[in-house]
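# A closer look at the structure
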Amino acid sequence: MVRGRICRLLVRDVRFPTSLGGHGSDAMREAQREREHKQGELEREKQASCGAGSPMRRWIPGPWDHDLSRRQTLNDCATQHTDPDYSAAYVVLETDAEDGLKGYGLTFTLGKGTEVVVCAVNALAHHVLNKDLRDIVGDFRGFYRQLTSDGQLRWIGPEKGVVHLATAALLNAVWDLWAKQEGKPLWKLLVDMDPRELLSCIDFRYITDVLTEEEAYEILQKGQVGKKEREGQMLMHGYPAYTTSCAWLGYSDDTLKQLCTEALKDGWTRFKVKVGADLQDDIRRCRLIRNMIGPEKTLMMDANQRWDVPEAVEWMSKLAEFKPLWIEEPTSPDDILGHAAISEALVPLGIGIATGEQCHNRVIFKQLLQAKALQFLQIDSCRLGSVNENLSVLLMAKKFEIPVCPHAGGVGLCELVQHLIIFDFISISASLENRMCEYVNHLHEHFRYPVVIKKASYMPPKDAGYSTEMKEESVKKHQYPHGEVWKKLLAAQEN
Ligand SMILES: C[C@H](O)[C@@H](O)[C@@H](O)[C@H](O)C(=O)O
Ligand SMILES: [Mg+2]
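The model shown is predicted, which means the values in this text are computed figures rather than measured ones. (Residues numbered from 1 in each chain as written. Chains lettered and ligands numbered in written order. Predicted model: local features only at pLDDT ≥ 70, side-chain atom pairs only at ≥ 80, totals over all residues. Heavy atoms only, no water.)

This next bit is on the sheet that holds strand β1 (residues 6-15). Spatially, β1-β2-β3 is the arrangement adopted by the 3 strands of the open sheet, whose pairing is antiparallel. Among the strands making up the open sheet, the edge pair consists of β1 and β3 (102-109). Each strand axis lies, on average, 15 degrees off the axis of its neighbour in the sheet, ignoring direction. Running over the sheet, helix α6 (residues 161-182) touches β1, β2 (87-95) and β3 and is turned about 150 degrees from β3. (Pairing = 2+ DSSP bridges. Helix = DSSP H or I, 4+ residues; strand = E, 2+ residues; numbered from the N terminus. Axes fitted to C-alpha atoms, helices over the stretch in contact; angles between N-to-C directions. Contact = heavy atoms within 4.5 Å.)

Here it is as structure tokens:
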């Protein structure tokens, strides 16, 4: 039963120094070169704080550097995410219900700027504090609208950028709390909600030209048929995943080979490789990985917005021989017509367009769908306005018959988004064709309810909540800048 008034909201800046090992990197060839050069002169043994599962166990000086001038050099060379420190603005909600349950929520960031999101969460806090949870979830659409339409804060959005990331973190915590109070994992809470209740969580403003509430209702009604069987199927076999963890752009060919060999042994059949910094490097790396995985397994490519439209078409025509299923984020995430033009040119070559990890909101997704600008839609649990907005996107994707393949390359994103895609299969899409959820193998050890992967599939979480809770010990250590890990790193930097 839903209960309690929200009486406390705490938000923290938690950062993991993943850039030390090049994890999460894209389009960063120059940075890699620089790192290799520096390695010889600077190598120092330190315990890596990036956690288990990371291929780099030692601290190796990388492009991570708090020296601004050096960062600038790296950024001049390559405009993408050269040195991400996987981070989160991490929200904890407490109620006066005296049941010991708290709601945990987060949004994903790359290090710097997390403090800005923390600020935005605090700016939104008055909408949440002192509210009764029953009133929030009893009119979730209204509450979503209130948060995203704050008369002053909406000027720095609306429904995009920092303020929307903050909305995501807050609402993710509310959903976690709700699911915990109901004693269900979030995917199951959604599966058990009747269609009208689900719809009451969605703000249909700005999308009724493609999806009315009645159409959404019909989709959900149809989704009721065969639900039990699909739930059984998920519990038995899980939701298919692909791995991005073998081929970050900052990894050397040797690392790539080693990780790919291990992944094949572990039963992975779908792989994503980062491209876009240098064509010859891409050809070499794609050949290497395609030769290792063979012609039957699935390969995807991700350019992280590196190209202009004509360049994307030209570059991908040269990589077509490696048979990628999709090219992800070929150009600016805001360029809907650009994506449409790239789709038109590449689909005849057998290459689809995937995008979504930096798609602001349901309106942009609506237009991408209307413009036939994507063949694979990548929802993100921490960029859109939480479960509420993601529900509307899942329903639009169903209407346009575009497969959803969620983005999860970041800290906590796998933990969260698995709930949404498992719900999607059971209650909306009812299909696994051309569908899979991203998986990266970093930082799960910091979560209280980490993902469970079996035979390259996500097994449905069993614990109540949204799997958002981090271990307190990890949070303390990684809080920026006063946690133990950062104190050491920053002191090493100074010496
Ligand atoms: C900076 C990040 O690691 C991105 O490179 C990552 O989210 C990536 O685009 C992905 O698709 O996983
Ligand atoms: Mg990506």
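So, on to the side chain of Arg230. Its place among the elements puts Arg230 in helix α10 (residues 227-237). No salt bridge is formed by the buried Arg230; its nearest oppositely charged neighbour, Glu229, is found at 6.2 Å. (Buried < 20%, exposed > 50% of the residue type's maximum accessible area, 1.4 Å probe, protein only. Lys, Arg positive; Asp, Glu negative; His and termini not counted. Salt bridge = Lys/Arg side-chain N within 4 Å of Asp/Glu carboxyl O.)

To continue, consider the packing of aromatic side chains. Inspection of every chain in the model, using the stated rule, returns 12 aromatic pairs. With centroids separated by 5.2 Å and ring planes inclined at 80 degrees, the aromatic side chains of Tyr480 and Trp486 adopt a geometry described as edge-to-face. Linked through ring pairs, Phe140, Phe143, Trp175 and Trp178 together constitute an aromatic cluster. The ring of Tyr480 carries Arg15 above its face, with NZ or CZ at 3.7 Å from the centroid. Over the face of the ring belonging to Tyr217 we find Arg196, whose NZ or CZ atom lies 3.8 Å from the ring centre. (Phe/Tyr/Trp six-rings, centres within 6.5 Å; stacked < 30°, edge-to-face > 60°. Lys NZ or Arg CZ within 6 Å of the ring centre and 35° of its normal.)

Moving on to the state of the cysteines. Using the criterion set out here, one finds 0 disulfides in the structure. Here Cys414 stays free of any disulfide, with the sulfur of Cys437 as its closest cysteine sulfur at 6.8 Å. The exposure class assigned to Cys437 is buried, which follows from its relative accessible area of 0%. (Disulfide = S-S within 2.5 Å.)

What follows concerns the coordination of the magnesium ion (ligand 2). Asp302 (OD), Glu328 (OE) and Glu357 (OE) make up the full set of protein donors to the magnesium ion (ligand 2), lying at 2.0 to 2.2 Å. Read in sequence order, the donor residues for the magnesium ion (ligand 2) give the motif D-x25-E-x28-E. On the criterion of sequence distance, the pair formed by Glu328 in strand β7 (residues 324-328) and Glu357 in the loop between β8 (352-355) and α15 (362-370) is long-range, its members being 29 residues apart. Note on accessibility: Glu328 and Glu357 belong to one class, buried. (Donors = N, O, S within 2.8 Å, 3.2 Å for Na, K, Ca; no water.)

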